[in-house]
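Here are the chains, one letter per residue:
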Amino acid sequence: MEFTAQQIADFLQGEVIGDAQVKVGNVSKIEEGRPGTLTFLANPKYTHYIYTTGASIVLVNRDFEPEGKIAATLIRVENAYSSIAQLLNLVSQARPEKKGIDSTAVIAASAAVPQSIYIGAFTCIDENARIGENVKLYPQVYVGENVSIGENTVIYPGVKIYRDCVIGSNCIIHAGTVIGADGFGFAPHNGSYEKIAQIGNVVIEDFVEIGANATIDRATMGSTVIRQGAKLDNLIQVAHNVEVGSHTVIAAQTGIAGSTKVGSHCMIGGQVGFAGHITVGDRVNIGAQSGIPNHVKSDSTLLGYPAVPAREFARSTVMIKRLPELQKTVAELQKEVERLKQQLKEK
Amino acid sequence: MEFTAQQIADFLQGEVIGDAQVKVGNVSKIEEGRPGTLTFLANPKYTHYIYTTGASIVLVNRDFEPEGKIAATLIRVENAYSSIAQLLNLVSQARPEKKGIDSTAVIAASAAVPQSIYIGAFTCIDENARIGENVKLYPQVYVGENVSIGENTVIYPGVKIYRDCVIGSNCIIHAGTVIGADGFGFAPHNGSYEKIAQIGNVVIEDFVEIGANATIDRATMGSTVIRQGAKLDNLIQVAHNVEVGSHTVIAAQTGIAGSTKVGSHCMIGGQVGFAGHITVGDRVNIGAQSGIPNHVKSDSTLLGYPAVPAREFARSTVMIKRLPELQKTVAELQKEVERLKQQLKEK
Amino acid sequence: MEFTAQQIADFLQGEVIGDAQVKVGNVSKIEEGRPGTLTFLANPKYTHYIYTTGASIVLVNRDFEPEGKIAATLIRVENAYSSIAQLLNLVSQARPEKKGIDSTAVIAASAAVPQSIYIGAFTCIDENARIGENVKLYPQVYVGENVSIGENTVIYPGVKIYRDCVIGSNCIIHAGTVIGADGFGFAPHNGSYEKIAQIGNVVIEDFVEIGANATIDRATMGSTVIRQGAKLDNLIQVAHNVEVGSHTVIAAQTGIAGSTKVGSHCMIGGQVGFAGHITVGDRVNIGAQSGIPNHVKSDSTLLGYPAVPAREFARSTVMIKRLPELQKTVAELQKEVERLKQQLKEK
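Thresholds applied
- Residues numbered from 1 in each chain as written.
- Chains lettered and ligands numbered in written order.
- Predicted model: local features only at pLDDT ≥ 70, side-chain atom pairs only at ≥ 80, totals over all residues.
- Heavy atoms only, no water.
- Contact = heavy atoms within 4.5 Å.
- Buried area = accessible area lost by both parts, 1.4 Å probe.
- Salt bridge = Lys/Arg side-chain N within 4 Å of Asp/Glu carboxyl O.
- Polar contact = N/O pair within 3.5 Å; in protein donor to acceptor, adjacent residues only side chain to side chain.
- Helix = DSSP H or I, 4+ residues; strand = E, 2+ residues; numbered from the N terminus.
- Nonpolar A, V, L, I, M, F, W, Y, C, P; charged D, E, K, R; others polar.
- Pairing = 2+ DSSP bridges.

Take the interface of chain A and chain C next. Each partner contributes residues to the interface: chain A has 69 residues there, and chain C has 72 residues. Regarding the contact of chain A and chain C, the summed buried area is about 5,600 Å², with carbon and sulfur atoms giving 64% of it. Ranking the residues of chain A by area buried against chain C places Arg95(A), Phe122(A) and Leu344(A) at the top, with a combined share of 11%. On inspection of chain A and its partner chain C, the count reaches 6 salt bridges. Between Lys341(A) and Glu336(C) there is a salt bridge, with the nearest N and O atoms lying 3.1 Å from each other. One can count 30 residue pairs in polar contact (both at pLDDT 80 or more) joining chain A with chain C. At the level of secondary structure, the elements contributing two or more residues to the side of chain A that touches chain C comprise helix H2 (80-93), strand E27 (231-232), strand E30 (249-250), strand E38 (301-304), helix H3 (310-321) and helix H4 (323-346) of chain A. Here the side of chain A that touches chain C gets 11 residues from one element, more than from any other, and that element is H4(A). Taken together, the residues of the side of chain A that touches chain C sort by class into 36 nonpolar, 22 polar and 11 charged.

A separate point is the interface of chain B and chain C. The partner chain C presents 69 residues to the 71 residues of chain B that form the contact. Summed over both sides, the interface between chain B and chain C buries roughly 5,600 Å², with carbon and sulfur atoms accounting for 64% of that surface. Broken down residue by residue, the surface that chain B buries against chain C is led by Phe184(B), Met221(B) and Tyr305(B), which jointly contribute 14%. On inspection of chain B and its partner chain C, the count reaches 6 salt bridges. Note that Glu145(B) is salt-bridged to Lys98(C), the shortest N-O span being 2.8 Å. On the surface where chain B and chain C come into contact, there are 29 residue pairs in polar contact (both at pLDDT 80 or more). Going through the elements one at a time, strand E21 (186-189), strand E22 (192-195), helix H3 (310-321) and helix H4 (323-346) of chain B are the ones with two or more residues in the side of chain B that touches chain C. Among the elements that line the side of chain B that touches chain C, the one with the most residues is H4(B), at 10 residues. Here the side of chain B that touches chain C is composed, by residue class, of 33 nonpolar, 25 polar and 13 charged.

Our focus in this paragraph is the sheet that holds strand E37 (residues 291-292) of chain C. Residues and elements named next belong to chain C. Read across the sheet, 10 strands follow the order E9-E11-E14-E17-E20-E25-E28-E31-E34-E37 without closing on themselves; strand pairing throughout is parallel. In this open sheet, the two edge strands, each paired with only one partner strand, are strand E9 (106-107) and E37. Sheet topology places strand E14 (residues 142-143) next to strand E17 (residues 160-161); 2 bridges connect them, and they run parallel. By the bridge assignment for E17, Tyr 142 is matched with Lys 160.

Encoded structure:
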């Protein structure tokens, strides 16, 4: 299926600069653009590619001002990134929907499963689970006892959801993720450890996306909570009784230790570690691989191990680089002072 | 089901302070305590909540001395944390046990499976596997050829155990964990790598708990060993030929490279990395996100990257913070010395 | 089955030193060597064990010169590590091959599956997938729509491959790994995030090995690519549109953020983090736990957070250790200078 630049501009409420009749049938990255494809420019790092890209159409932000000749037709839009997202969603939604319940699926008699659902092969739904309308459970998923899943949620292959957990509506959970495994709680007892039963659950609110092979542990008591609109990447560890605030975004391989509360609208880099029992405010930015040992105030930007304000981290990094020089300066000063003492004595 | 403070105190061999007839039917966290629930105070960080909690009963340590008015009934016990653990276990054990073999499970004719077992849907037990009494294999588990699993062990959904591995009795392995994948061994050969076959296995001793989506690789030769009573959290990587000592506790996302031996009764934080071929002594404490490049003596407390004794790390952190100041001091000293030299020359 | 030292030496084109008729039936590690087993010495750290090992035969490099009495028969070979690898492969290949298609497997009518394949229980192959000759799909694997898998590739239990991904020939993918989950892409929109559909795929070239519970995300547009011969360990995160070069080796728990390109023949330690949108050259060595925020030139050796040339890291580490001393020296200098000023004034 092909579309003209004009058709796309109309759909995106954008403005065509160049040949409005050029047609595209696919999308591409700007650095790999081929004729017959549409691409976009959002990240300024990639601006230089616009002068050489082979793509037929480039979506650009309304404030983009060319500094040279561009072969492609441009479509100016309010936000190039949002616009490409809209187009990608169109392509994605054009795919036929998964439907129906595979005959191999095992569904407990007491489970509530609507007709509108997709359930793939070898998926198992345990006693008293309640599944919402239009939910998609891919193959080999496990839904434990009393679990509830809200409407339109998509659960990819091999996800395991332990008993009593609650998944909201319009969520996406990627393959291999484990929701509701026991929190890591043990009491020392005569040189060994006794397990502390974890009788709480996990509550995932609406519009949450969780990547592949992540682990969200159930609470000891009460709930581990992922609030509305939060986005968690792959291989993330969320320990028992943690709370992740709404619209907070967390990159891959980050870990949050037990009972810590992370606020809303935070942006957390990859491989970050949070200590347990701390509170992180709202709109906090934390750089990749940082270690967060203590409470963090709202609107902070932190980086490092242990994390400090980002500016301080940059300064320390420079200072550490200059340490050999500093050491040398001090050694020279020692000699100078020795010489001065000697000279003074001789006077 | 409800219990009075007196009944609970009798069960825990504790002492009631306040209304012995108040009843509770559930547990809660102290900061979220509601009437009709029991909570506990073990971590001193939470002490202030005891004066405001809505919970009807609070378990406290025998040495707890109130510094204000407390509305709740207290039960004084030897160890509040152990006591709440006992109560949570009671609640947990009150649940009906999973039993029986699901008709969809595929069990090799040569596998030994006792009547007392639970085997969930879509679990696959390969040739010559031997499963102990009262073992629970949740749905979608894979038990490879010649694997043996000791009595009372619980294997959660989707765990994969490769051939020849040995799992002890009374172990718990959480969903998605992989036991016995090949160690990461390759020999460079003409600019590419040749795989080194990994013909060893994994041996997990008794009373071990392993979290979700962890990976314990098989040995090249011999065994990768997790000793009795060790507790491993989620997303932990244990490489080939590693040995983890008895009653050692390791937090999430830590990785141990090949052939390293970690002693017994160690406490290892999250996201720690151990180099390969090193030996870590007994009762070693390692802070979160540390990097351990070399051997570690017993009874050490380490922190940092590369890890140093915890005090040294704290001191270095302070020193690094003060570097700009130090730099300034040195610059001033240089000027002073220059001035002195000048003055001396002028005399 | 037993072999004499002479038989093994002939097979490996090696030279026997000692009793050529001694027989072995198994392999062991040098520090745990038992009579009747063969071991090897490749890592110089283990040299001292050769004088005490109980193994009957030890493979050594041709240039090994004993510095004491050795009880075992030696076999001198060009490369002891390669030779043991050859022997381990022999042992491994002696095992009966997995064959046939389990009756429980669900295979779409439109999927192309040759007779030579092994498909384990509860494996699901979706519409239009194309599987090559001699492929092994262990139990509980998911192969999505339009996926293609090249000949001789082995996919271990529970691997999940999303639609449209391409897996080369002679690859090994370990249990629990997820190929082709959505890249982590969201556009901020009125205080929340809109998902950006990820319509690209993952391409894994030939002779690639990927460990257990790793995650390789599909591209937003185009492909995430793992080039020929690359070896990735367990729990590794590869984000959307990343490219990993040929014959690059990456240790466990490392993460590569979106659109980053890592060159060929690199050696990357465990728990390393790469920022997004950077280019790492060929033959780059990066130490464990490093953070790579920027482009890296070919043939670099980096270490640290943020990573610096390895020598610089070593120097900085020493400098940081000496900071308290430096601080003290500076304080003494201040006093000295003060004294000198005083003395000068008094003259």
